[in-house]
Amino acid sequence: MVVGAGPAGSIAALVLARGGASVALVDKANFPRDKACGDLIGPRGVRLLDDLGVALPGALRVDDMAVIGPTGRRVRLPCDAGLTYPGYAYALPRAQLDATLRQAAVAAGAEPITARATDPLGGDGGALGGFALSTGAEVAADVVIGADGATSRVAEAAGLIDPARVLWGFALRWYGADPVDVPQILLWDTSPGRGFPGYGWLFPGVEGRSNVGLGVGVLADRTAGAEAGRCSDAFFAHLHRVGLTGSDRPPASGRLGGWLKMGMVGTRPAEGRVLLVGDAAGLVNPLQGEGISEAMGSARAAAEAVLAGPDQAAARYRSFLRRTYAPYQATTASLHRAMLGRPRAVSAVGRVLTAPGVGRALAGAWSIYWNDLLDGAAPGSARRLAAVAAAAGRVATSAGPTRRWFDEALAAAS
Ligand SMILES: Cc1cc2nc3c(=O)[nH]c(=O)nc-3n(C[C@H](O)[C@H](O)[C@H](O)COP(=O)(O)OP(=O)(O)OC[C@H]3O[C@@H](n4cnc5c(N)ncnc54)[C@H](O)[C@@H]3O)c2cc1C
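This is a predicted model, so every value here is computed, not measured.

A. Geometry of the nonpolar core. If you look at the biggest cluster of nonpolar residues, it comprises 126 residues, and the most contacted ones within it are Ala 12, Leu 275, Val 277 and Ala 302. It is helix α7 (residues 292–307) that provides the largest number of residues to this core, a total of nine residues. Setting aside residues no more than four positions away along its own chain, Val 277 makes contact with Ala 8, Ala 12, Ile 145, Ala 147, Ala 295, Ser 298, Ala 299 and Ala 302.

B. The arrangement of the site of the ligand in detail. Around the ligand, 39 residues are found, and the nearest of them are Gly 4, Gly 6, Gly 38, Gly 278 and Gly 291. Looking at the shell around the ligand, the elements with two or more residues in it are α1 (7–18), β2 (24–27), β13 (167–176), β19 (256–262) and α7. Classifying every residue of the shell around the ligand gives 17 nonpolar, 12 polar and 10 charged.

C. View of the sheet that holds strand β21 (residues 274–276). The strand order β8-β2-β1-β12-β21-β20 describes an open sheet built from six strands, whose pairing is mixed. The outermost strands of the open sheet, each flanked by one partner alone, are β8 (111–114) and β20 (270–271). In this structure, strand β1 (residues 2–3) lies alongside strand β12 (residues 144–146), joined through two bridges in parallel fashion. Paired with Val 3 across the bridge in β12 is Gly 146.

Conventions adopted
- Every chain begins its residue count from 1, and numbering advances along the sequence as written.
- The predicted nature of this model means local features are confined to residues of pLDDT at least 70 and side-chain atom pairs, given and counted, to a pLDDT of 80 or more, with totals for whole chains, interfaces and linings taken over all residues.
- Joined through C-beta atoms within 7 Å, a set of buried Ala, Val, Leu, Ile, Met, Phe, Trp, Tyr and Cys residues constitutes a nonpolar core.
- In this scheme the burial state of a residue depends on its C-beta neighbours within 10 Å: 20 or more other such atoms mean buried, 12 or fewer mean exposed, and anything in between means partly exposed; the C-beta positions come from the backbone.
- Elements are defined by DSSP. Helices are runs of H or I of four residues or more, strands are runs of E of two residues or more, and each kind is numbered from the N terminus.
- What counts as a contact here is a pair of residues whose C-beta atoms, placed from the backbone, lie within 7 Å.
- Whether a residue is near a molecule or strand depends on its C-beta atom, placed from the backbone, lying within 6 Å of it.
- Residue polarity follows a fixed list, in which Ala, Val, Leu, Ile, Met, Phe, Trp, Tyr, Cys and Pro are nonpolar, Asp, Glu, Lys and Arg are charged, and the others, Gly among them, are polar.
- Each pair of strands is called paired provided DSSP finds at least two bridges between the two strands.

This is the structure we're talking about:
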């Protein structure tokens, strides 16, 4: 069974159903449903959907991205095609994206069930063997794929979370009426020299709308998520000041908040017959909050691991995560943890990266590293510089507790 029919759950169910498995796709929501998101699907996600033959009617193509630093200076980050991904992303409201993916899973043969997964059912040898649902029904399963988002009930029920280690973020999103051609990221200071511990954005949306939001990193303290709401008036005043919006007030509609669980750390992703994918596994980029590509990439791998045989599925899937996501996530989770709580350092990094000359010189490598696009990047100076940054980051974070956590959680046996 798959719990959760967001991008992760629907892709897992689609791959399982196409592979001949009998799969229940359980979600508490009625679709289409909204989800707080910037609505951008990165190049790796575009490629994965292409590989699976899933079309996204109505999606808008976007490519380069602009970063506006605390001083108002702008840098354009190129979105160059790699060897394994295209040179563009898609923008599509989550209400449409998630309904389309879920429909594709159902068309492939997954059985949709609208209910909340509540209590775990015991399986062979005391392992988790399915879930009781809010409707009173029970779904027994050989394997449970937890695709139920950042606050995953499956992860909690399977005892896979170490709350003190999780890197939480909280973000608010609005739909506005200030269209932009290029996604804009804003690194800004809440007071002179003190950087906001996160960033704001203004992204292109369909039908001339924009998607605008503000996200804050809070480490393990979820009560600090309220900072995004507290700072939103100041953020919208800043957006107006730098000339991106017509009003200095938040839009009247479309306000929705959501949690991000970043950098994998603190959630063991697979044990026994339980595999966590997407946000449930904390597979969100700790530098910029992207998670849709990772959700779909991890889901496909988990489903393939199950199709190859349930007994070894968890070990196979951990091995995939160790190779594919852990090297980047371990380094950037460590950097994320080191920067939060240091507002002067956050501001200084934003200023230096967008300083005249510096930003333009680093833009290609910055875009590759920040967006986790090094693996498969096209040869050239940007890739070389991004590889140097990745190696330096690995060395700088190699002795820390976060790296040790990765080594233990993704170890081959357990
Ligand atoms: C404000 C914000 C902006 C973001 N912007 C971007 C962006 O622009 N691009 C990007 O790539 N990523 C972005 N992210 C991250 C992205 O939203 C997630 O990484 C992505 O949604 C992960 O997909 P998922 O399928 O793992 O989880 P989700 O999309 O959260 O889906 C989980 C599903 O599980 C269901 N569920 C939960 N609990 C249960 C239960 N007990 N029983 C049954 N069903 C359950 C929910 O109803 C939901 O449908 C953003 C996140 C936030 C909060």
